[in-house]
Structures are given as C-alpha cells and as structure tokens.
Amino acid sequence: MLKKNDLIELEITAAGANGEGIGKIGGFPVFIKDSVPGDRCMIRITRVRRNLAYGHIDRILEPSVHRIRPECPVSARCGGCTLQAMDYASELDFKEKRVRDCLHRIGGIVEDVLDQASEPILGAEDPFRYRNKAQYPIGRDRNGEIVAGFYAERSHEIIPCGDCLIAPVEFPGILKAFTDYMKEAGLPPYDEASGSGLVRHLMLRKAFSSGEIMAVPVLTSEKIPHRKEMTEALMRAGVATAAANINPDTTNVILGKMNIVLFGTGFLEDRLCGLTFRLSPQSFYQVNPVQAERIYDIVLEYAGLKPEDEAWDICCGIGTISLCLAKHCRRVLGIEISEEAVRDARANAKRNGLSNTVFMAGAAEDLLPRLVAGDVSAEGFDRGLPSREDPAAGSLSQGRPSVIVLDPPRSGMEEDALNAVISIKPERVVYVSCDPATLARDLKLLLAAGYALRRYRPIDQFCRTSHVETICLLSKLSSAKHHIEINVDMDELDLTSAEAKATYEEIRNWVQEKYGLHVTNLNIAQVKQKHGIIERENYNKPKSPDSKQPGCPEEKVKAIEDAMRHFQMI
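Now for a quick tour of the structure. (Residues numbered from 1 in each chain as written. Predicted model: local features only at pLDDT ≥ 70, side-chain atom pairs only at ≥ 80, totals over all residues. Heavy atoms only, no water.)

1. Notes on the sheet that holds strand β10 (residues 199-206)
The test is simple: For two strands to pair, DSSP has to find at least two bridges joining them. Counting from the N terminus, the helices are the DSSP runs of H or I reaching at least four residues and the strands are the DSSP runs of E reaching at least two. A fitted line through C-alpha atoms serves as each axis, taken over the contacting stretch for helices, and the angle formed by two N-to-C directions is quoted from 0 to 180°. Residue contacts are counted whenever heavy atoms from the two residues lie within 4.5 Å of one another.
Spatially, the seven strands line up as an open sheet ordered β9-β8-β7-β10-β11-β12-β13, and their pairing is mixed. Pairing within the sheet leaves two strands with one partner each, and these edge strands are β9 (158-160) and β13 (258-263). The mean inter-strand angle of the sheet, taken between neighbouring strand axes irrespective of direction, is 35°. Two elements, strand β11 (residues 213-219) and strand β12 (residues 241-246), share four bridges in a ladder whose sense is parallel. Within the sheet, the bridge partner assigned to V218 lies in β12 and is N245. Docked against the sheet, helix α4 (residues 227-236) engages β11, β12 and β13, running at close to 70° with respect to β13.

2. Quick word on the packing of helix α9 (residues 415-424) against helix α10 (residues 436-448)
Counted only if it meets this: Should the near helix be turned counterclockwise from the far one by less than a right angle, the crossing is left-handed, whereas a clockwise turn marks it as right-handed. Here the nonpolar group is Ala, Val, Leu, Ile, Met, Phe, Trp, Tyr, Cys and Pro; Asp, Glu, Lys and Arg are the charged ones; every other residue, Gly included, is treated as polar.
At a minimum axis distance of 10 Å, the contact between α9 and α10 shows a crossing angle of 35°. As α9 runs across α10, the sense of the crossing is right-handed. Taking contact as the criterion, the partners of E415, L418, N419 and I422 in α9 are, on α10, D442, L445 and L446. For the contact of α9 with α10, the class distribution of residues is four nonpolar, one polar and two charged.

3. Side note on the sheet that holds strand β21 (residues 451-459)
Backbone hydrogen bonds hold the strands of a sheet together, and the pairing may be parallel or antiparallel. Taken together, the seven strands give an open sheet; going across it, the order is β18-β17-β16-β19-β20-β22-β21, and neighbouring strands pair in mixed fashion. The strands lining the two open edges of the sheet, one partner per strand, are β18 (357-361) and β21. Averaged over all pairs of adjacent strands, the angle between their axes in this sheet comes to 15°, without regard to strand direction. Pairing geometry for strand β17 (residues 331-336) and β18, over five bridges, is parallel. In the strand pairing of β18, I335 is matched with M360. In this fold helix α5 (residues 289-303) packs onto β19 (403-406), β20 (428-433), β21 and β22 (469-476), with an angle of close to 160° to the strand it touches most, β21. Its contacts with the sheet put α10 on β20, β21 and β22, and the angle it makes with β20 is roughly 165°.

4. Focus on a negative patch on the surface
The test is simple: Only residues whose relative accessible area exceeds 30% and that form no salt bridge enter a patch; like-charged residues are grouped when within 9 Å of one another, and nonpolar side chains (Val, Leu, Ile, Met, Phe, Trp, Tyr) when within 5 Å. Note that accessible areas follow from Shrake-Rupley with a 1.4 Å probe, and for residues the cover is restricted to the protein chains shown. One side-chain nitrogen of Lys or Arg within 4 Å of one carboxyl oxygen of Asp or Glu is enough to make a salt bridge. For this count, His and the chain ends are skipped, Lys and Arg are scored as positive, and Asp and Glu as negative. For charged residues, the charge sits on one atom: NZ in Lys, CZ in Arg, CG in Asp, CD in Glu. Exposure classes here rest on a 1.4 Å probe applied to the protein chains alone. A residue is buried below 20% of its type maximum, exposed above 50%, and partly exposed in between.
Together, E365, E414, E415 and D416 make up a negatively charged patch on the protein surface. The exposure class assigned to E414 is partly exposed, which follows from its relative accessible area of 44%.

5. A word on the pairing of strand β3 (residues 21-25)
Pairing of strand β2 (residues 14-15) with β3, which is carried by two bridges, proceeds in the antiparallel orientation. Across the sheet, the residue bridging to A15 is G21, located in β3. Between β2 and β3, which follow one another and run antiparallel, lie five residues, and G19 among them has a positive phi close to 90°. Taking the residues that link successive antiparallel strands as the turn, the β3-strand β4 (residues 28-32) hairpin has two residues, and the phi of G26 there is positive, at about 60°.

So this is what it looks like as structure tokens:
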C-alpha cells in the first residue's frame, strides 16, 4: 500500500483533465504534475487517498518523446500554463481525446455517433502571445517587497512573473511601470489576511486590431492617493486609456462594479469578424482573438442561417456572436446576466449599423422560462412564443427562433435554462463550451429531449493550458414537415451476404478484444470498400468539400481484415 513520502519508479501512461500525468501501480492511479505521457520517472508520493494518490517528480529516468523544455522559467510553479512540458502536437491530441472522453463517459454518447459527428481539433498557428488580457495580482513577498505575477496552483501565493509568454510583449513594461510607481508613492498592496491595503490587481487588455492597451488598477477604495502620478506612470508606459475599478469586498472575484475613468475614454475598440466592438473593463471578450474568429466562423456554419430565420444568443456577453448572426438572419435576441455587457452589446449593435438585434439583461435560467410563459417581452420582440404545431399561431415572425446559440461560462447552463430551450423547440442548437465536462452534462439533457449530436469540433482557444473550447451542433431527431411514401424493392438495396454477416459494432468489439485497437466505422467502411463490399455513401463521404478523409492505418487494416475473415465476410 502506498504511503506519503514513498519513492517509486513509475511510467506515465495517460494525462488527466488538468494535463497532469497519470501512472498506475497495480491498477492504482497516481497523478503527477508536470509529467508527460511516456515519461519514466522516480516519483515522490505526496498524498494518498482511498482510490488514488498524488506525487511529484523526483527525477526523470527516461523522458517521453513528447517532452520539451518549457519556455517559461516559472511554468512549474505558476498555476497557468500546465502543458508547457508537452509538445504542441501532443497537447492538441490530449485535448481532442479529453473532449471525446467527456462526451462518451459523461454525456453517454455512443462511439458510433462520436465517429460520425467528430471533426478534427483546430490548433493555433502560434501557441504563444495570443492572449489579449491578463490580470496580475499584486502583493508582498516574504521580505515585504511588492511583487506582481500569478497565483501558484491551488493557492494565493503570488509567483512573480514579469513576462508571461502567452500575454502581449507590451504588458511586462506596463506592469513594471505600475509597480515602480506604487513603490515610489508608498501605495500598499492589498493583504488578504488583514483586509488592509489599496491595490489588489492590475488588469491589462489589448485591442489587437489597433494595438491600443487599457489598464485597469483594481483598488479597494475610490479615494486614490497620488492619482496624477498614477495617470502619468501609465501614460508614459504606453497605455491608451485607464480606469480604476473599485472592489472593496472580501471576495475572490477580481473586479468590482464601479469604474472611475483616469484618462482616455475608459474603453477600447477592437475589430473581430469585420465588426467593431467596444470593450469596457468588465466586458467578456474572447481572450484569443485569432482563434475567436475561427470559432465564430464555425458557429455561423453550424447555425446554417437563412435570411428569414430568427436566432437567440444565450449568454451573449457584449454581443460578439449575436452581431455575427445578425448579418445573416432576420433578427437576433441576446440574453446576458451582466447589465454592463448588455449596454456594450446595444452600443456595439448601433456602432455596426445592425438594427435587427435586441438585448435583454438577466439570468438565462430566469428570462428564458419567462419568455416561454409570455411573462416578459423585449422591445422589438413579441410577447410569448407561438407553437410550431399550431397553424393559427403564425410563423417565425412571431418570435420562435430557428437557432439558439448557447455560450455559457465554464459552469455550463443551468437546468432551468436548458429545459426552457427544450420547450422552445428550436430546429438547431449550437453549443459553444469552454469545459468538456459541463458540456457533456448539458448535452445529455438535450439528447434525452429528442436532439441529436450532428457535428462537434474542439478548438484550441487556450494554448499551453489544459482548457479547450468545443462547438457542437444539435438538431431535432425528427424535424421533417412533409412525408413522401415510396416503395422500395429490397433487391435495389444491394445488401450482400457479406454485409449481413457482422455489424460494425461486432467488428469493432472483435478487433478491440483481440488486438487492443480502437477502430472507427470509417476505418471499417474503407476496408470493406477495399474488398468490394458495397458501402453506404455516408460512411465515406467527407464532412465538407474541403476536408480530407484520413486513410486507415495499415495495422488497423490487417486487424479489420482478420475480423472480416472471422465473420466469413472475405
């Protein structure tokens, strides 16, 4: 039995949800931070629980072929970029497998459906310097010196980090200028233990389209000593605008509700997908604008909007997705819990000349059921929702969306909101998720209500971290409005005796049991086609005209052929 401080040799065979390596001793899993699948290490056990243990690397005996030297000197201590010791191709593979595992294990989606719906992960061209925002906690080190950086994993110990490699190159100079000003002015950083001090964080945000930067010092009081000197220090550092955010509460939430403009406009403007967006300090905005544009392109593709359609965007933030949708359909309703974000969304719609949008402030789990019941309405939208089954109720012009886009925070959608979406019965649901586990949980409810997963694609929005974005398209299982009766001669189906001998599932299971290989329906279809066994078009048809169909690896071809011989198919 393992115990704390044991030193053991272990081979890392898998990666956990946060990117930590996993090895097993007699089937007992051990989680090791900063290890990479393929490493062989000496591990020091740090904690033992009933079903698992934790450890750290004492020394690496044989490094994995996927291990690289982290570019950031504090990556092992900082709680941010947990995958810097893994090469980027392996990082993408890890994230793709994690999404699929969650959809299968938590969502209960069978492998056949995942095989048909999955699309390859969309990696970034450059996994560094992609973030447009950073939030630096400011405090004191053990010697009483002011430090700024990031929290160590699972703690509030500040790890000094002047230059974060996933943040813009301009940020380190601005951070240093601000902390130098604090030292000269004698401004005390906030102390969590005593609740004293003035400066909690410095948030920096960059508009990639213009290069302008906004600084947001987060303070405990609106009384700002040496305000002029703070303004001058930030202006000299190249900041275009600054606003002090006031957060006097004892909380882990970074930003408070009040902003005081120090200089400039107090907001930034950025361009995304051909649209202009205003960003205030509290605005939710995708942190990776290059990948965000690719996300929104996929959302539009999945939504399949027609000019007469209506779309709803739930958890819409400042309206980024809403306005992208509005260019392709009749009108859009956006719902967002933050009133400030809704104000920004309305201003963004006006700024871009899109008058076919309406935004409502409130929690989705509150507003959606009330919209369904007809207890609330928005200017420009009809009160209540007509039934699609009632011909007298009218058409989409009376308020029922063809498409609902869900883009919730990491915690996912509240069940009341999902139930309201189900009762609205949109033809398509596009779910944009930043957490595979909560995505899978929510999809399980939607699938049980009669929706089917048609397509999904992971996107690496948070490079070098364990987080991954996923976009899913769901549609109703039976959405046909008209039926045509046809007579089919069974001979026309051309079902050969070979095809009838074994199902795809039986072939997959046989290969898995004998060879330990996972083969897909596509793999099997390609081998069947090779041997002249008639195949249905959908198994071999690319998902899009531009996509390339992967070939079946030779070892899988041989295993499938062995299975087909076993079932007397060849």
